[in-house]
Amino acid sequence: MPRKSTTEKIRYAVVGLGHIAQDAVLPAFKNTKNCELTALISGDPKKLKVLGKKYKVKNLFSYDQFDECMQSGLIDAVYIATPNINHREFTERAARQGVHVLTEKPMAIGEQDGLAMVRAAKREDIKLMVAYRLHFDPANLRAIEIAQNGKLGDLRIFNSVFTFQVTDKENIRLQYDMGGGPLYDIGIYCLNASRYLFRDEPIEAFAMAASTEDERFSEVEEMMAVTLRYPKSRLATFVISFGAAANSTYDLLGTEGTLRLENCYDYVEEMHLTTTINDKKAKRTFKKHDQFAPELEYFAECILKDQQPEPSAEEGLLDIKIIEAIYDSVRTRRPVRIDSFKKMTRPSLRQEIRKPAHRKPETVHVRGPHD
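About the criteria used
- Residues numbered from 1 in each chain as written.
- Predicted model: local features only at pLDDT ≥ 70, side-chain atom pairs only at ≥ 80, totals over all residues.
- Heavy atoms only, no water.
- Core = buried A, V, L, I, M, F, W, Y, C linked by side-chain atoms within 4.5 Å.
- Buried < 20%, exposed > 50% of the residue type's maximum accessible area, 1.4 Å probe, protein only.
- Helix = DSSP H or I, 4+ residues; strand = E, 2+ residues; numbered from the N terminus.
- UniProt positions renumbered as here; feature names shortened; annotations may be inferred.
- Pairing = 2+ DSSP bridges.
- Axes fitted to C-alpha atoms, helices over the stretch in contact; angles between N-to-C directions.
- Contact = heavy atoms within 4.5 Å.

### Focus: the nonpolar core
What tends to happen in soluble globular proteins is that the nonpolar side chains get buried as a cluster.
Phase 1: Counting 83 residues, the largest nonpolar core has Val78, Leu228, Tyr250, Tyr265 and Ile326 as the members making the most contacts within it.
Phase 2: The element contributing the most residues to this core is helix α7 (residues 182-198), with 11 residues.
Phase 3: Counting 34 residues, the second-largest nonpolar core is a separate cluster that includes Val14, Ala28, Phe299 and Ala300.

Okay, structure coming up:
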């Protein structure tokens, strides 16, 4: 049975104290109204000591003590910020103790692991949400509204580029066994954006990968180019890379206008939304803001009100199915059909949550991909 909070706040444990947790998740709790950072779980004693003191968290657990934390009655939910390969294990172990799960994306490495997570959540009657922070982001939600209000005409093309240099040679993004590679790490943003802008599911994928002889890319591809065919003869294309200069942009083209969102997947830069309709250009800037507090707060609200979250586990599963088709296409060098299902709920402006930006925190025993 799921745990029931005895207060009006959901008590979280953050599992994994790597870069994303330290840089964004832990500072976000101060921007929430219904969440409490109650426990930290890590395999690094120094991280636990320093971050526990910094965020005034007394309940500190090693990975070996994970089940003890879940059974303690101290927490209601976990935020899983571990390497991708561990998401299934920690989700299943939390579910067995009735603890709700908010996991970083990708939901899992492979559809079978994702399905196992869904089954565990249903069996134990817990909430399972995947941390698609852009489903609460004002700029992306405004782009969705424009895409759906007909001003661009019939939507025809989605095109995106998401690239940066992973300079840390030890970064888990470059490790195959940890679920690394640009498709799982950044390609998932592009394909998810194409899905929420088209409000549909792709039916075919074609992709190719390429790498230089750089030793960084001995285990995972350096870059990939992907084409997704959607119903109504729509196409989505994107290029991703861990070995090119930083870029994060998507374009949406309709029969009567275009839309461009710059820095569209970032959480450290302001975003610029430009529309061109009937030769009239309009530009709007969205200031940098906290993108992690909204998903923490939203998930807590779903738990407190017993509502199913969007983005749900279903959202995560669909992206995994598409990713597997893309990898199949790379291996076979042929288009691959995608046997997906239609999602009933999609992000909209109703989910917009604005939170102020916070200062970049000092980190402990961790390096970002660009360090």
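Back to the write-up after that little detour.
### Let's talk about the UniProt feature "domain: GFO/IDH/MocA-like oxidoreductase" (unreviewed entry) in the chain
Phase 1: Taking the numbering used here, the UniProt-annotated feature "domain: GFO/IDH/MocA-like oxidoreductase" (unreviewed entry) corresponds to residues 142-260.
Phase 2: With 20% helix and 42% strand, residues 142-260 has its two end C-alpha atoms placed 12 Å apart.

### Things to note about the sheet that holds strand β6 (residues 128-130)
Phase 1: The strand order across the open sheet formed by six strands is β3-β2-β1-β4-β5-β6, and the pairing between neighbours is parallel. Two strands in the sheet have a free side with no partner beyond their single neighbour: β3 (59-61) and β6. With strand direction ignored, the average angle separating the axes of adjacent strands in the sheet is 25°.
Phase 2: Pairing of strand β1 (residues 10-15) with strand β2 (residues 35-41) involves six bridges; the strand directions are parallel. Bridged to Arg11 within β2 is Glu36.
Phase 3: Across the sheet, helix α1 (residues 19-28) is in contact with β1, β2 and β4 (77-80); its angle to β1 comes to roughly 175°.
Phase 4: Together, β2 and β3 form the strand contacts of helix α2 (residues 45-54), whose direction differs from that of β2 by roughly 160°.

### A closer look at the UniProt feature "domain: Gfo/Idh/MocA-like oxidoreductase N-terminal" (unreviewed entry) in the chain
Phase 1: Per the UniProt entry, the sites bearing "domain: Gfo/Idh/MocA-like oxidoreductase N-terminal" (unreviewed entry) are residues 10-132 in this numbering.
Phase 2: Counting secondary structure, residues 10-132 comes out at 41% helix and 22% strand; the distance between its end C-alpha atoms is 19 Å.

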